[in-house]
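Working through the structure, step by step
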Amino acid sequence: PILAILTSKVASVDDNASGGAYAYRASKSACNIIAKSLYIDLRSEDRGTVVLLHPGYVKTDMTEGTGLVDAETSVAGMLRADA
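What this report covers is the structure whose coordinates are included nearby.

The rules behind each value
Residues numbered from 1 in each chain as written. Predicted model: local features only at pLDDT ≥ 70, side-chain atom pairs only at ≥ 80, totals over all residues. Heavy atoms only, no water. Pairing = 2+ DSSP bridges. Helix = DSSP H or I, 4+ residues; strand = E, 2+ residues; numbered from the N terminus. Right-handed = clockwise from strand over helix to strand, strands pointing away. Salt bridge = Lys/Arg side-chain N within 4 Å of Asp/Glu carboxyl O. Buried < 20%, exposed > 50% of the residue type's maximum accessible area, 1.4 Å probe, protein only. 1 Å grid on protein atoms, 1.4 Å probe; cavity = no way out; pocket = protein on both sides within 12 Å on 5 of 7 lines; lining within 4 Å. Points joined across faces, edges and corners; volume = space filled by probe spheres on them. Nonpolar A, V, L, I, M, F, W, Y, C, P; charged D, E, K, R; others polar.

1. Here's the deal with the pairing of strand β2 (residues 49-53)
Strand residues, when the strand is regular, have side chains that alternate between the two faces of the sheet. As paired strands, strand β1 (residues 2-6) and β2 are joined by five bridges and run parallel to one another. Paired with I5 across the bridge in β2 is L52. In the classification by handedness, the crossover that spans β1, the intervening helix α1 (residues 22-44) and the parallel β2 is right-handed.

In structure tokens:
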């Protein structure tokens, strides 16, 4: 099986030029760390794998509608990546 976890570029320490969004950044960074550990554990037991998916810059309330893709397009792309 494949465990897919949504992440975000906002979780990047190196790519943080704007600051702010502390809780969101921290939660996504935590997801990345958890995903890495799960990947190592599941792989060593031959029980599956873990992938991190970034939905892109999506037109949502969070982006105040300024995203580049709508939610349906984002989900369709992630499903193709996970196939």
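2. A short note on the pattern of salt bridges
With the rule as written, the count across this model stands at two salt bridges. For E45, the salt bridge goes to R47, with nearest N and O atoms at 2.9 Å. According to the relative accessible area criterion, E45 is partly exposed, its value standing at 45%. Relative accessible area serves as the criterion here: at 53%, R47 is assigned to the exposed category.

3. Side note on the layout of surface pockets
Estimated volume of the largest pocket: approximately 390 Å³. If you go around the largest pocket, you meet 18 residues; those closest to its centre are Y24, G56, V58, M62 and T63. Elements represented by at least two residues in the lining of the largest pocket include exactly α1 and α2 (71-82). Among the elements that make up the lining of the largest pocket, the one with the highest residue count is α2 (three residues). A class-by-class count of the residues in the lining of the largest pocket yields nine nonpolar, seven polar and two charged.

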